[in-house]
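# Examining the three-dimensional arrangement
So the chains spell out like this:
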Amino acid sequence: MKVEAAIFDIGNVLVLFDYMKAANRLVLKNGLKSVPDRALITAAIHEFELGRITRAQFLSAVRREFQDTGPEDAFIAIWEDIFEENTRMTALARELSLKIPVFLISNIGEIHHRHLFRKFDVFSIFRDKIFSYLDGIMKPDAAVFQLAISRFGVNPAATAYIDDVQENCAAASAAGFIGLHYDHSREDLPGAWRIEAE
């Protein structure tokens, strides 16, 4: 398929991540018997990624659950250390960026945003972004994709949108984008898509 632009999700597309890596390290660090209330932690992450609570409020809520009383920077270092580059997809993004504009849309909070942009140089190739905590909207809300059309100045019918969540791809397709579902277990991706810059 030929495209004039491409939009990438971040988590489990450009980078792989596992929150349990941080959770298990915090359990061990603080002498807990098990991971604390996952529902509360998930709710705090959701509110933080929507920009509804501050960084300080988020850290207070999650550190309290893990009974973490050490230095804040030690907690953050563990919380950040959950990512690894998915070179299959970053290679695609780099290749496309040489010929067409590439963009980011992600449900993400400030801590991981700052960390990822410091650690992985691939993020320098993207021309613009929509991040949930900055814009106050989260995929799969249709408003995210309408904002993408106006902010990025793209023609959705000629723009690939790549995400690991089927529901997000469906929402992008409903807005007129070429929704492509990424599954890291599929070794044929992204090659099977045959994306070409137009």
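Above this note sits the structure.
Residues numbered from 1 in each chain as written. Predicted model: local features only at pLDDT ≥ 70, side-chain atom pairs only at ≥ 80, totals over all residues. Heavy atoms only, no water.

## Let's talk about the overall build of the chain
What counts, and what does not: Helix numbers and strand numbers start at the N terminus; a helix is a DSSP run of H or I with at least 4 residues, a strand a run of E with at least 2. All radius of gyration figures rest on C-alpha atoms, and the globule criterion is 2.2 Å times the number of residues raised to 0.38. Per-residue accessibility, obtained with a 1.4 Å probe over protein chains only, is compared with the maximum for each type, and a residue is labelled buried under 20%, exposed over 50%, and partly exposed between these values.
When you go through the chain residue by residue, the secondary structure sums to nine helices and nine strands. The C-alpha atoms of the chain give 18 Å as radius of gyration, which agrees with the globular expectation for 198 residues (16 Å, within 12%). The dimensions of the chain, computed from C-alpha atoms along their principal axes, are 55 × 30 × 25 Å. Counting the 198 residues in the chain, one finds 48% classified as buried.

## Structural notes on the packing of aromatic side chains
Aromatic ring pairs are described here by two measures, namely the spacing of the ring centres and the angle between the planes. The following threshold applies: Note on aromatic pairs: the rings of Phe, Tyr and Trp (six-membered ring only in Trp) are paired at centre separations within 6.5 Å, and the planes decide the class, stacked below 30 degrees, edge-to-face beyond 60, tilted for the rest. In this scheme, Lys NZ or Arg CZ marks a charge over a ring once it lies within 6 Å of the ring centre and within 35 degrees of the ring normal.
Applying the stated criterion across every chain, the model contains 14 aromatic pairs. Here the aromatic rings of F17 and F83 are separated by 6.1 Å at their centres, their planes lie at 45°, and the arrangement is tilted. Highlighted residues: F17 in strand β3 (residues 15–17) and F83 in strand β4 (residues 83–85), separated in sequence by 66 residues. Every member of this aromatic cluster is reached through a ring pair, and the members are F17, Y19, F48, F58, F75, W79 and F83. The ring of F131 has K129 lying over it, and the distance from NZ or CZ to the ring centre is 5.9 Å.

## A look at the nonpolar core
Operational definition: The definition of a nonpolar core used throughout is a set of buried Ala, Val, Leu, Ile, Met, Phe, Trp, Tyr and Cys residues joined through side-chain atoms within 4.5 Å. Throughout, a residue-residue contact means that at least one pair of heavy atoms, one from each residue, lies within 4.5 Å.
Core analysis: the largest hydrophobic core is formed by 50 residues, its most contacted members being F8, L14, W79, F123 and I162. Every residue in contact with I162, bar those within four places of it in the chain, is listed here: I7, F8, D9, V13, M89, L92, L180, Y182, W193 and I195. Membership of the second largest hydrophobic core comes to 16 residues, among which are I7, I137, V144 and A148.

## Considering the pattern of salt bridges
We count it as follows: Only one rule defines a salt bridge in this text: a Lys or Arg side-chain nitrogen within 4 Å of an Asp or Glu carboxyl oxygen.
Applying the stated rule across the entire model yields 13 salt bridges. Note that K139 and D9 form a salt bridge whose closest N and O atoms lie 2.9 Å from each other. Of this pair, K139 sits in the loop between α7 (132–135) and α8 (142–152) while D9 sits in the loop between β2 (5–8) and β3; the two residues are 130 residues apart in sequence, bridging distant segments of the chain. This pair shows no difference in class: K139 is buried, exactly as D9 is. With a closest N to O distance of 2.9 Å, R25 and D81 form a salt bridge. Of this pair, R25 sits in helix α1 (residues 19–29) while D81 sits in the loop between α4 (72–80) and β4; the two residues are 56 residues apart in sequence, bridging distant segments of the chain. The class of D81 is partly exposed, set by a relative accessible area of 27%. One salt-bridge network, in which partners are shared between bridges, spans D9, K139 and D163.

## Some words on the environment of Q146
Note that Q146 resides in helix α8. Between the C-alpha atom of Q146 and that of E198, which follows or precedes it by 52 residues, the distance is 23 Å.

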